[in-house]
Amino acid sequence: MDATEQSLRQSLSEKSSSVESQGNAVRALKASRAAKPEIDAAIDLLNKLKLEKSTVEKQLQSIITSSGNGSLNREAFRQAVVNTLERRLFYIPSFKIYRGVAGLFDYGPPGCAVKSNVLSFWRQHFILEENMLEVDCPCVTPEVVLKASGHVDKFTDLMVKDEKTGTCYRADHLLKDYCTDKVEKDLTISADKAAEFKDVLAVMEDYSPEELGAKLKEYGITAPDTKNPLSDPYPFNLMFQTSIGPSGLIPGYMRPETAQGIFVNFKDLYYYNGRKLPFAAAQIGQAFRNEISPRQGLLRVREFTLAEIEHFVDPENKSHPKFPDVSKLEFLMFPREEQMSGQSAKKLCIGEAVAKGTVNNETLGYFIGRVYLFLTRLGIDKERLRFRQHLANEMAHYAADCWDAEIESSYGWIECVGIADRSAYDLRAHSEKSGVALVAEEKYAEPKEVEKLVINPVKKELGLAFKGNQKNVVESLEAMNEKEAMEMKASLESKGEVEFYVCTLEKNVIIKKNMVSISKEKKKEHRRVFTPSVIEPSFGIGRIIYCLYEHCFSTRPSKAGDEQLNVFRFPPLVAPIKCTVFPLVQNQQFEEATKVISKELTSVGISHKIDITGTSIGKRYARTDELGVPFAITVDSDTSVTIRERDSKDQVRVSLEEAASVVSSVAEGKMTWQDVWARFPHHSSAAADE
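Residues numbered from 1 in each chain as written. Predicted model: local features only at pLDDT ≥ 70, side-chain atom pairs only at ≥ 80, totals over all residues. Heavy atoms only, no water.

The name recorded for the protein in an unreviewed UniProt entry is glycine--tRNA ligase, from Brassica rapa subsp. trilocularis. What the UniProt record of the protein gives under Subunit (unreviewed entry) is the line "Homodimer." (UniProt positions renumbered as here; feature names shortened; annotations may be inferred.)

Okay, structure coming up:
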């Protein structure tokens, strides 16, 4: 905990005790009918102590708020953003006339346009620039696929139920809300108690069901709506289950991610790519998660859009030829060492982070840099974007390294992109389950004499020990890499037995010396066959878009100064409408010119909107600013027009014939507004803005 906050909490505790003690003294004096001057003096002292306590409370509240822990300002800002988004139909709750369903939202016209622009730029930035292979796989996935990937058994959150009504809640959310409220809103708790709540918030993701349940009981946490007691936490699978075909005999699920469709198609994609590595496959599509208690608007929903990349690479060579293109980028990074020691994120050069081993390899570092460029070009504030490394207890046992691109919003730091080196886990799991070898090969120019690892499971002994699970154990033994196999050999020789994790059984078994022989033999080989590693950047598009809304939202006073006007400062790249066209007054001459400009804007692919309402030009500007439209063309003659830029409110005058091409050039990034400002005459009018 911050030393100042700790000191103020201690001081507040002492002041509270003094107020309580002096209050008791005043009551005792009144009960004993003491002299009035004595009672008045005691009351004066009590009032003085109350004032001192109030001063410390205000200081503590200010510290909490300024340190980013305060929620009051964030909530007010969030409400302003959400109200504007819903009123202008960026998004609204689905099935609204039937009171809606939690975790489901509809995108309205401007929201659809923003989403389309974000995805279009994602395709350009990743698929086109990196020569990726795009696929489109079904949302309905057979159970066997998700059994192999581990989702059927492990894709769970811990849930509790109201014991009387049966209402379900996500257990960790209840504990998080309780601790957060105590830290941010209860100024009476001691410094030690506040530190305890902060520690719980830091480690709660690692709690077992029993530990989580114990904390809920320790703090007396009950059902939020009814205050009824809660059940013990238990796992709830987040996938939507279905059946495929009318017989109902083929179980399936709505996919919780798009990645599995790429993994199961690896063999065909590898051949399509000329049997060459590295290569990347990408997919944009819907995913589904049956969230226990969805909240936080677009940040936690039951149906959402993912954009995922699976970059397949030789596990012995994770360098990247284009890494120098991003190696000098510097941005906020939060390595696990800084997290463990209580430090904050700091700016690091990605090239240095890879060189020092903070980031595991060049390919992972390259994608971290590319993700940074993608998000900042969309309009995400680079000072509120950080890359946080997973702690050791967060990472799957097979992962080499994982980083999350986290964006700060009114809800705190939100994970929006995960960039993980998943090693060869996925392809191996599907190879084992399907019986199809999902492997790549490297052909040697000349035969090589190599020491070949030879693993010979003794099937008779394994059959006696594991019976029906013999095949699973044999496959896992044969799939060991050299390091794992030689470590097992050493353990078997020294101890006679070793504990071994079988992926398809998802448990450890005991392997004895008589169950397997492991050796190395020298052989001449013409090729090397291996299972590729996978670097996976996974983008939550809805989360990115919501954070973009918050980062681009601002208010500014109207010209009269009597109201605050909302503005979305979207970059032209993602703005839902690039340009509006206004005839200054309603007459046929100006309206004909407006139609000419509209036709030219359409021909160059610029989305635009015509506003021929009779309201003042200032109010029309304000309406389009609230939609985030970056440019407005005002038709005030039949030979020339003005173009207004949203953020500066500056205007230039251009000829009627040039208007569409100027807006197109700026919207597509071929020119900047500064270029336009330098090239064309400036225009000013007292009546031209709000």
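It is worth spelling out unusual backbone geometry at this point. Leucine 277 connects to proline 278 through a cis peptide bond whose omega is -5°. Mapped onto the fold, proline 278 is located in the loop between helix 11 (266–272) and strand 10 (279–288). At asparagine 131, a position not held by glycine, the phi torsion is positive, near 55°. One can find asparagine 131 in the loop between helix 4 (109–128) and strand 3 (133–134). (Helix = DSSP H or I, 4+ residues; strand = E, 2+ residues; numbered from the N terminus.)

Burial analysis of strand 26 (residues 631–635) places five of its five residues in the buried class, the great majority of the element. By the alternation rule, side chains of strand 26 split into Phe631, Ile633 and Val635 and Ala632 and Thr634, which are all buried. Of the pairings in the sheet, the one linking strand 26 to strand 27 (residues 640–645) comprises five bridges and is antiparallel in character. Within strand 27, the residue paired with threonine 634 across the bridge is threonine 642. Hairpin connection from strand 26 to strand 27: four residues lie between these consecutive antiparallel strands. (Buried < 20%, exposed > 50% of the residue type's maximum accessible area, 1.4 Å probe, protein only. Pairing = 2+ DSSP bridges.)

Put simply, the second largest pocket is a space of about 1800 Å³. What lines the second largest pocket is a set of 45 residues, and nearest its centre among them are Arg428, Ala479, Met480, Asn481 and Glu482. For the lining of the second largest pocket, the secondary-structure elements that each account for two or more residues are helix 15 (425–434), strand 17 (440–457), helix 17 (470–478), helix 18 (482–495), strand 18 (497–502) and strand 20 (516–530). The class makeup of the residues in the lining of the second largest pocket is 22 nonpolar, eight polar and 15 charged. (1 Å grid on protein atoms, 1.4 Å probe; cavity = no way out; pocket = protein on both sides within 12 Å on 5 of 7 lines; lining within 4 Å. Points joined across faces, edges and corners; volume = space filled by probe spheres on them. Nonpolar A, V, L, I, M, F, W, Y, C, P; charged D, E, K, R; others polar.)

Grouped together as the largest cluster of nonpolar side chains are 67 residues, with contacts concentrated most on Trp122, Phe374, Leu375, Phe387, Phe539 and Tyr549. Once residues lying within four places of it in the same chain are set aside, the contact partners of phenylalanine 387 are Phe331, Leu332, Met333, Phe334, Ile368, Val371, Tyr372, Trp403, Asp404, Ala405 and Ile419. (Core = buried A, V, L, I, M, F, W, Y, C linked by side-chain atoms within 4.5 Å. Contact = heavy atoms within 4.5 Å.)

The subject of this paragraph is the side chain of serine 538. With respect to the helices, strands and loops of the structure, serine 538 is situated in strand 21 (residues 533–540). Among all residues touching serine 538, those that are not within four sequence positions of it are Leu306, Ala307, Glu308, Cys416, Val417 and Gly418.

Let us look at the sheet that holds strand 24 (residues 579–583). Across the sheet, six strands lie side by side as 25-24-26-27-28-29; this open sheet has mixed pairing. Looking at strand neighbours, the two that pair on one side only are strand 25 (608–610) and strand 29 (682–683), the edges of this open sheet. Relative to strand 28 (residues 651–655), strand 27 runs antiparallel, the two being bridged by five bridges. Bridge pairing links valine 641 to valine 654 in strand 28. Against the sheet, helix 21 (residues 617–627) makes contact with strand 24, strand 25, strand 26, strand 27 and strand 28, and its axis sits at roughly 165° relative to strand 24, the strand it touches most. Packing against the sheet, helix 22 (residues 659–667) makes contact with strand 24, strand 26, strand 27 and strand 28, and its axis sits at approximately 175° to strand 26. (Axes fitted to C-alpha atoms, helices over the stretch in contact; angles between N-to-C directions.)

Close approach of charged atoms allows side chains with opposite charge to pair. One pass over the structure, following the stated rule, counts 47 salt bridges. Between aspartate 172 and arginine 170 there is a salt bridge, and its shortest N-O distance comes to 2.8 Å. With a closest N to O distance of 3.2 Å, glutamate 493 and lysine 489 form a salt bridge. Of this pair, glutamate 493 and lysine 489 both sit in helix 18, four residues apart, which is roughly one turn of that helix. The exposure class of lysine 489 is partly exposed, given its relative accessible area of 24%. Three or more residues joined by partner-sharing salt bridges are found here, namely Asp157, Arg170, Asp172, Glu291 and Arg300. (Salt bridge = Lys/Arg side-chain N within 4 Å of Asp/Glu carboxyl O.)

With that settled, consider helix 7 (residues 171–185). Its 15 residues give helix 7 an end-to-end C-alpha distance of 21 Å, which sits within 8% of 21 Å, the value for a rise of 1.5 Å per residue. Those residues of helix 7 that sit buried are Ala171, His173, Leu174, Leu175, Cys179, Val183 and Glu184. (Expected span 1.5 Å × (residues − 1).)

The sites that UniProt annotates as "domain: Aminoacyl-transfer RNA synthetases class-II family profile" (unreviewed entry) are residues 216–557. Between the C-alpha atoms that bound residues 216–557 the distance is 47 Å, and the span itself is 28% helix and 37% strand.

Attention shifts here to helix 20 (residues 588–603). Its 16 residues place the ends of helix 20 23 Å apart at the C-alpha level, agreeing with the 22 Å of an ideal helix rising 1.5 Å per residue. For helix 20, the complete set of buried residues consists of Phe590, Ala593, Thr594, Ile597, Ser598 and Leu601. An end-on view of helix 20 places all buried positions within 145° of arc, on one side of the element. Seen from the open side of helix 20, the exposed residues pointing more than 90 degrees away from its buried face are Gln588, Lys595, Lys599, Thr602 and Ser603. Elements that come into contact with the buried residues of helix 20 comprise strand 24, strand 25, strand 26, strand 27 and helix 22. The backbone nitrogen of glutamine 589 has a side-chain oxygen 3.1 Å away, supplied by the residue at the start of helix 20, namely asparagine 587. Count one or two residues on from helix 20 and you reach glycine 605, which has phi positive near 75°. (Arc of directions from axis to C-beta. Polar contact = N/O pair within 3.5 Å; in protein donor to acceptor, adjacent residues only side chain to side chain.)

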